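So the chains spell out like this:
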Amino acid sequence: MQHERRIHIFINKKKFEIENPDQTGASLKNLAGIPLNDVLFLQRPGEDEVIPNDAKITLKDGDHLHSQPPADYGLETGPVTVAGIPAGRAVLHPEAGGWQFLVISDFELPQGFEPNRVD
């Protein structure tokens, strides 16, 4: 489908003009010179929407997007060790959009919390 006019979008506060409002996360990253492993967000009221590389979205004139490097929270690749917790008790769970959640099993909470051990 051919579109009649170009639309203007903003990626990391830089203005871009595109003919086709139907894009993927990867095509938008390529347009803006963003590394493919960075996380791309479409600004929305409340919580911004993560746009994975293979996701297809339809942009509107004036849409704003921004990117950031993937969150690693200072963790290195390989076995996870956090504050002396053995790797077997700390497990990374990959999520959509390049995010990861760290779950530490049998973690002791400070005095006064009930229960005092959680995952």
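Before any of the text, the structure's been laid out above.
In short, a report on the structure. (Residues numbered from 1 in each chain as written. Predicted model: local features only at pLDDT ≥ 70, side-chain atom pairs only at ≥ 80, totals over all residues. Heavy atoms only, no water.)

1. Structural notes on the sheet that holds strand E2 (residues 14-18)
Point 1. The strand order across the open sheet built from five strands is E2-E1-E7-E4-E5, with neighbouring strands paired in mixed fashion. Pairing within the sheet leaves two strands with one partner each, and these edge strands are E2 and strand E5 (49-50).
Point 2. The strands touched by helix H1 (residues 25-32) are strand E1 (7-11), E2, strand E4 (39-42) and strand E7 (64-68); relative to E1, the strand with the most contacts, the crossing angle is about 80°. (Pairing = 2+ DSSP bridges. Helix = DSSP H or I, 4+ residues; strand = E, 2+ residues; numbered from the N terminus. Contact = heavy atoms within 4.5 Å. Axes fitted to C-alpha atoms, helices over the stretch in contact; angles between N-to-C directions.)

2. Here we look at the side chain of aspartate 63
Point 1. Residue position: aspartate 63 is located in the loop between strand E6 (56-58) and E7.
Point 2. Look at aspartate 63 and you get buried, because its relative accessible area is 10%.
Point 3. Polar contacts involving the side chain of aspartate 63 include one to the main-chain amide nitrogen of lysine 60, which spans 2.7 Å.
Point 4. Apart from the residues within four sequence positions on either side, aspartate 63 is in contact with His8, Ile9, Phe10 and Leu42. (Buried < 20%, exposed > 50% of the residue type's maximum accessible area, 1.4 Å probe, protein only. Polar contact = N/O pair within 3.5 Å; in protein donor to acceptor, adjacent residues only side chain to side chain.)

3. A word on the pairing of E7
Regular strands place side chains that alternate from one sheet face to the opposite one.
Point 1. The side-chain alternation of E7 yields one buried face, formed by Leu65 and Ser67, and one unburied face, formed by His64, His66 and Gln68.
Point 2. With two bridges connecting them, E1 and E7 associate as parallel partners. Among the inter-strand pairings, isoleucine 11 is bridged to a residue of E7, identified as leucine 65.
Point 3. One ladder, built from four bridges, connects E4 with E7; its direction is antiparallel. Pairing of leucine 42 across the sheet is with leucine 65, part of E7.

4. Let's talk about the pattern of salt bridges
Point 1. Per the stated rule, a full pass over the model turns up six salt bridges.
Point 2. Note that arginine 6 and glutamate 19 form a salt bridge whose closest N and O atoms lie 2.7 Å from each other. A residue pair is termed long-range when its members are at least 10 positions apart, and arginine 6 in the segment before E1 and glutamate 19 in the loop between E2 and strand E3 (22-24) qualify at 13 residues.
Point 3. By relative accessible area, arginine 6 is classed as partly exposed at 36%.
Point 4. With a relative accessible area of 48%, glutamate 19 lands in the partly exposed category.
Point 5. Here lysine 60 ties to aspartate 63 by a salt bridge, and the two come within 3.8 Å at their closest N and O atoms.
Point 6. Through salt bridges with shared partners, one network takes in Arg6, Glu17 and Glu19. (Salt bridge = Lys/Arg side-chain N within 4 Å of Asp/Glu carboxyl O.)

5. So, the environment of glutamine 100
Point 1. As for its position among the elements, glutamine 100 is in strand E9 (residues 100-104).
Point 2. When the C-alpha atoms of glutamine 100 and proline 70 are compared, they prove to be 9.1 Å apart, with 30 residues separating the residues in sequence.

6. What to know about the side chain of serine 67
Point 1. With respect to the helices, strands and loops of the structure, serine 67 is situated in strand E7.
Point 2. By relative accessible area, serine 67 is classed as buried at 19%.

Note that every value here comes from positions in space, so none of it alone points to a role or purpose.
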